[in-house]
Amino acid sequence: MIWVILIIVALVWFSVSYLRGENLRYLDRPPQPSPDTRPSDAHHAVVEQLRGFARVGEGESGFGRIKAIRELMDSIPAGKSYASTFTRVQRDGISGEWVQSPGVDTRRRVLYIHGGAWFAGSPLSHRPVTDKLSQTLNAAVFALDYRLLPEYRRIDGIVDSREGYRWILHNGPEDAEPPDFLLVAGDSAGGSLTLDVIAWARDSGLRMPDAAVALSPSTDTTMTSPSLRDNIETDPMLGPAFAKLVKVPTPVLWWYYWFSWRIPPRDPRVSPLRGNLEKLPPVLIIASEAEMLIDDARRYAAKAQAAGSPVQLQTWPHMVHVWPMFTPELPEAEEAYANIAEFVAALEMPKQVQAGSA
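None of these values were measured; they are calculated from a predicted model.

Conventions adopted
- Residues numbered from 1 in each chain as written.
- Predicted model: local features only at pLDDT ≥ 70, side-chain atom pairs only at ≥ 80, totals over all residues.
- Heavy atoms only, no water.
- Helix = DSSP H or I, 4+ residues; strand = E, 2+ residues; numbered from the N terminus.
- Rg over C-alpha atoms; globule rule 2.2 N^0.38 Å.
- Contact = heavy atoms within 4.5 Å.
- Areas by Shrake-Rupley, 256 points an atom, 1.4 Å probe, with all protein chains shown as cover.
- Salt bridge = Lys/Arg side-chain N within 4 Å of Asp/Glu carboxyl O.
- Buried < 20%, exposed > 50% of the residue type's maximum accessible area, 1.4 Å probe, protein only.
- Phe/Tyr/Trp six-rings, centres within 6.5 Å; stacked < 30°, edge-to-face > 60°.
- Axes fitted to C-alpha atoms, helices over the stretch in contact; angles between N-to-C directions.
- Parallel < 35°, antiparallel > 145°, perpendicular 65-115°, else oblique.
- Left-handed = near helix turned anticlockwise from the far one by under 90°.
- Nonpolar A, V, L, I, M, F, W, Y, C, P; charged D, E, K, R; others polar.
- Pairing = 2+ DSSP bridges.
- Right-handed = clockwise from strand over helix to strand, strands pointing away.
- Core = buried A, V, L, I, M, F, W, Y, C linked by side-chain atoms within 4.5 Å.

Trainee: Can you help me understand the overall build of the chain in this one?
Mentor: For the chain, the count of helices and strands is eleven helices and eight strands. Taken against the 2.2 N^0.38 rule, which gives 21 Å for 358 residues, the C-alpha radius of gyration of the chain at 20 Å falls within 12% of a compact globule. In the chain, once contacts between residues fewer than 6 apart in sequence are set aside, the share between residues at least 24 apart is 78%. Surface exposure of the chain reaches about 16,300 Å², of which carbon and sulfur atoms provide 57%.

Trainee: Teacher, can you tell me more about the pattern of salt bridges here?
Mentor: Pairing between side chains of opposite charge can happen when their charged atoms approach one another. Counted under the stated rule, the structure contains 21 salt bridges. Among the ionic pairs, Arg70 bridges to Glu151, the shortest N-O distance being 2.7 Å. In this pair, Arg70 is assigned in helix 3 (residues 63–75) and Glu151 in the loop between strand 4 (139–144) and helix 5 (154–168), connecting sequence segments 81 residues apart. Taking relative accessible area as the criterion, Arg70 reaches 17% and is therefore assigned buried. Among the salt bridges present, the one from Lys80 reaches Glu329, with a minimum N-O distance of 3.4 Å.

Trainee: Just to check I follow, could you spell out helix 4 (residues 127–137) for this structure?
Mentor: Two residues of an α-helix separated by three or four positions point the same way, owing to the 3.6 residues in each turn. Along helix 4, eight of the eleven residues are buried, which leaves the element largely enclosed by surrounding structure. Listed as buried for helix 4 are Pro128, Val129, Thr130, Asp131, Lys132, Leu133, Ser134 and Leu137. Positive backbone phi, at 50°, marks Asn138, one or two positions downstream of helix 4.

Trainee: I would appreciate a short explanation of the packing of aromatic side chains in the present structure.
Mentor: Any two aromatic rings considered together are summarised by their centre-to-centre distance and by the angle between their planes. A full pass over the atoms with the stated rule returns twelve aromatic pairs. Here Tyr18 and Trp258 contribute two aromatic rings whose centre-to-centre distance is 6.0 Å and whose plane-to-plane angle is 75°, an arrangement assigned as edge-to-face. Of this pair, Tyr18 sits in helix 1 (residues 2–20) while Trp258 is found in helix 9 (residues 250–261), placing the two residues 240 residues apart along the sequence. Taking the relative accessible area as the measure of exposure, Tyr18 reaches 29% and is therefore partly exposed. With a centroid separation of 6.0 Å and 35° between ring planes, the pair formed by Trp98 and Trp167 is classed as tilted. In this pair, Trp98 sits in strand 2 (residues 94–100) while Trp167 sits in helix 5, placing the two residues 69 residues apart along the sequence. The pair Trp98 / Trp167 is uniform in exposure class, with both members buried. Three or more aromatic residues link up through ring pairs in this structure, and these residues are Tyr18, Trp255, Trp258 and Phe259.

Trainee: Please clarify how the packing of helix 5 against helix 6 (residues 189–204) should be interpreted in this entry.
Mentor: Axes are the key here: two packed helices are described by the angle between their axes and the distance separating the axes. As a packed pair, helix 5 and helix 6 sit with axes 10 Å apart at the nearest point and diverge in direction by 60°. In terms of orientation, helix 5 lies oblique with respect to helix 6. For the pair helix 5 and helix 6, the sense of crossing is right-handed. Residues Arg154, Gly157, Ile158, Ser161, Arg162, Tyr165 and Arg166 of helix 5 lie in contact with helix 6, whose contacting residues are Ser192, Leu193, Asp196, Val197, Trp200 and Ala201. Residues belonging to the contact of helix 5 with helix 6 are distributed by class as follows: six nonpolar, three polar and four charged.

Trainee: Could you clarify how one ought to interpret the pairing of strand 5 (residues 181–187) in this entry?
Mentor: Residues in a regular strand point their side chains to alternate faces of the sheet. Most of strand 5 is tucked away, with seven of its seven residues classed as buried. Covered by surrounding structure in strand 5 are Phe181, Leu183, Ala185 and Asp187 together with Leu182, Val184 and Gly186, the residues of both alternating faces. In this structure, strand 5 lies alongside strand 6 (residues 211–215), joined through five bridges in parallel fashion. Across the sheet, the residue bridging to Gly186 is Ala214, located in strand 6. Following the chain from strand 5 across helix 6 to the adjacent parallel strand 6, one finds a crossover that is right-handed.

Trainee: Quick question: what am I supposed to make of the nonpolar core here?
Mentor: Ranked by size, the top nonpolar core spans 57 residues in total, and within it Leu111, Phe142, Tyr165, Ile198 and Tyr300 carry the most contacts. Among the elements that line this core, the one with the most residues is helix 6, at eight residues. Ignoring any residue separated from it by four or fewer positions in sequence, one finds Tyr300 in contact with Leu195, Ile198, Thr219, Pro272, Leu273, Leu277, Leu280, Ile285 and Val311. Counting 33 residues, the second-largest nonpolar core is a separate cluster that includes Leu50, Leu215, Met319 and Leu330.

Trainee: What should I look at first to understand the sheet that holds strand 6 in this one?
Mentor: Spatial ordering of the open sheet is given by 1-2-4-3-5-6-7-8, a layout of eight strands whose pairing is mixed. Two strands in the sheet have a free side with no partner beyond their single neighbour: strand 1 (85–91) and strand 8 (311–316). Averaged over all pairs of adjacent strands, the angle between their axes in this sheet comes to 20°, without regard to strand direction. Sheet strands touched by helix 5: strand 1, strand 2, strand 3 (105–113), strand 4 and strand 5. Its angle to strand 3, the strand with the most contacts, is close to 175°. In this fold helix 10 (residues 294–306) packs onto strand 7 (283–288) and strand 8, with an angle of close to 155° to the strand it touches most, strand 8.

Trainee: What should I look at first to understand the side chain of Arg202 in this one?
Mentor: If you trace the backbone, Arg202 turns up in helix 6. Look past the residues within four positions of Arg202 in its chain and what remains in contact with it is Met208, Asn276, Leu277, Glu278, Lys279 and Leu280.

What follows is the structure, given as structure tokens:
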């Protein structure tokens, strides 16, 4: 009997100390009252559209459902018109596409890492975002096409994102040249990869990006943030997809991820919240108070700010997960892009003042 007890104690210790790591409840704060505002009528239409999306792949299992979800995501841009041109890139081990609105300054660049829960999404599915960023920031956007689960390992997408960053430091859409301005951005799973990339660039001694933007990022795959359960009913995108998953005991999820990825969930490569958040570049995080990942964003911002890093968190009430995808139909998406433009302009203002005085 004593051996059974010792084995159970050892398993619990291993699960908590190695798979989960530090208890981050100390980062949680009571939610602040939301402004007494209502979402736009267009947002209601998007929510209804997402209710239909939630049924995609019903009756399918395994890869059949994944394929259906991928096809659905790639169909999102169908029928939209774009100001930008899209140029496919497949060289130097890098895959993706350059997105350029007319007349952009190609020395101003954005590395964009798409979301899709690490198994879906593509440069095609996220053209509404990359086209808008190119216009908003007067920049050439490189939308990275990284390797996805389940065909590839979790680490492969991380390696691709890091190598994409290393590549864009020396390559533009026209010439092999360094950027004057570089921003790394991503949404959801791509937001997680974005936050990993900036910490890795710091630790690798590479030229740091001038800034980063994370839209509704996943920051902690230990699945311990309260909103993952509290906001299931208010998140019309992630709620239907992940409601069953978050009902699984978290220690079971930790072991599943460890066996699947060969990476413990607490590892900063998959949980950037749990890494060193000192000396980061300026970061803007945009998230919805109604989504399941809001506490991932809150915890990351709180820890980074405590570490002295210039991380801002902007939240919207009511919005769906990664609502800037729904541009131009959502006025709230246009507000988010305006805020991104203001964030970047504020960073560049000191440089412009210095150039003028010189």
